[in-house]
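This is what each chain is made of:
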Amino acid sequence: MRGTMRQTSLHWLLLVSSLLCCTTNQAHLTVSPSSSQMFKGQFVSLSCEEDDSSAGWTLRRNTKRETMAKCGADWGRSGGSSCNITDIDPLDSGEYWCESREGATSNGINITVTDGSVILQSPVLPVMEGDDVTLHCKTKTTNLPADFYKDGSLIRTEPAGHMTIHHVSKSDEGLYKCNISSHGESPPSWITVTGEILSADKPTTTAPPPVSAAPPLVSAAPPLVSPPFQLVFRLVCHLVVFCLYFISTLIMVSLYRHRSTGNYLPVSMVMTTLTQAEQGFDDDCDDVITSVTTEHHF
């Protein structure tokens, strides 16, 4: 009975170790120029800022004409973990994200491309409550007086063509657009306000909707942790795993020294059983990760 309990404890120790080791390096997507709207014909560069280049991050996108399309194969020009679009087109409007060989994903960014003469330059990522946000209503040549709208209602007219919202709150979240007399109206862009601390390395769980007010093409990528916290977490993970394996080794030595003939399995058989259990758990973990990734993109 005591031998069975010890064997069960070893199983649990190794399963927990496998779970803690089942972590994936993350990446964060950036776009240059940093705007959710682009003029047709602009040069646009997207980059996966990686914690670990060995993860093999690549750019993918969903548009009205394609899904899960890979940079270099279906669109754009790939250069390692970045992708360039030399002459962007309205058909390139959609959601973009980074994806690793293991199927992990970064934050998603929605880009709207217009062949009109006016765009609203707004943040590509959600903004934090309390921050100031500046919106620019731009033409291809110069800045002119512009009317700014939120959810279809006029907010105010700005002579310089840009509007600053001071100390934003959740009530400022919504669909924004602008209009320049004699030039036209920009496409709408959704601005998300969050209470969580955001940085270039911490995306959010909410992505702005595409060109129309309809739901996004795909849901936003799962939240990631910032590199400093991730490094601490991985260090703690490794320390815990080391401690668990050290404890399991002590238990194995104890089993070997105190077992009675016929009452316990040989150590080699116990280790074989544990290895099989660990492999099975790793397979389950991979299935869960694949399932979550698939659900995210569809």
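For the structure itself, consult the block above.
So, a few notes on the structure that sits alongside this text. (Residues numbered from 1 in each chain as written. Predicted model: local features only at pLDDT ≥ 70, side-chain atom pairs only at ≥ 80, totals over all residues. Heavy atoms only, no water.)

### Observations concerning the nonpolar core
By size, the foremost hydrophobic cluster in this structure holds 22 residues, and its most contacted members are V31, L46, L59, W75 and I111. Only β1 (27–32), β3 (44–50), β7 (82–85), β8 (94–99) and β9 (105–114) provide two or more residues apiece to this core. Dropping the residues within four chain positions of it, W75 is found in contact with L46, L59, R60, R61, E66, A69, K70, C83, I85 and Y96. Listed in part, the 16 residues of the second largest apolar core include L120, V127, V133 and L135. (Core = buried A, V, L, I, M, F, W, Y, C linked by side-chain atoms within 4.5 Å. Buried < 20%, exposed > 50% of the residue type's maximum accessible area, 1.4 Å probe, protein only. Helix = DSSP H or I, 4+ residues; strand = E, 2+ residues; numbered from the N terminus. Contact = heavy atoms within 4.5 Å.)

### Quick look at a nonpolar patch on the surface
Residues F242, F246, I247 and L250 make up a contiguous nonpolar surface patch of roughly 430 Å² in combined accessible area. Within the element layout of this structure, F242 appears in helix α2 (residues 227–258). (Patch = residues over 30% accessible without salt bridge, like charges linked within 9 Å, V, L, I, M, F, W, Y side chains within 5 Å. Areas by Shrake-Rupley, 256 points an atom, 1.4 Å probe, with all protein chains shown as cover. Salt bridge = Lys/Arg side-chain N within 4 Å of Asp/Glu carboxyl O.)

### Concerning the sheet that holds strand β15 (residues 162–165)
With antiparallel pairing, the three strands of this open sheet are ordered in space as β10-β12-β15. Taken across any chain shown, the strands that pair with only one partner, and hence form the sheet edges, are β10 (119–121) and β15. Along the sheet, successive strands turn relative to each other by an average axial angle of 20 degrees, direction set aside. (Pairing = 2+ DSSP bridges. Axes fitted to C-alpha atoms, helices over the stretch in contact; angles between N-to-C directions.)

### Points about the state of the cysteines
This model, assessed by the stated rule, comprises three disulfides. In this model C71 forms its disulfide with C83; the gap between the sulfur atoms is 1.8 Å. Between C71 and C83, the S-S torsion sits near 90 degrees, and that sign places the bridge as right-handed. One end of the pair, C71, is in the loop between β5 (69–70) and β6 (77–79); the other, C83, is in strand β7, and 12 residues separate them in sequence. With a relative accessible area of 6%, C71 lands in the buried category. The class for C83 is buried, based on a relative accessible area of 0%. (Disulfide = S-S within 2.5 Å.)

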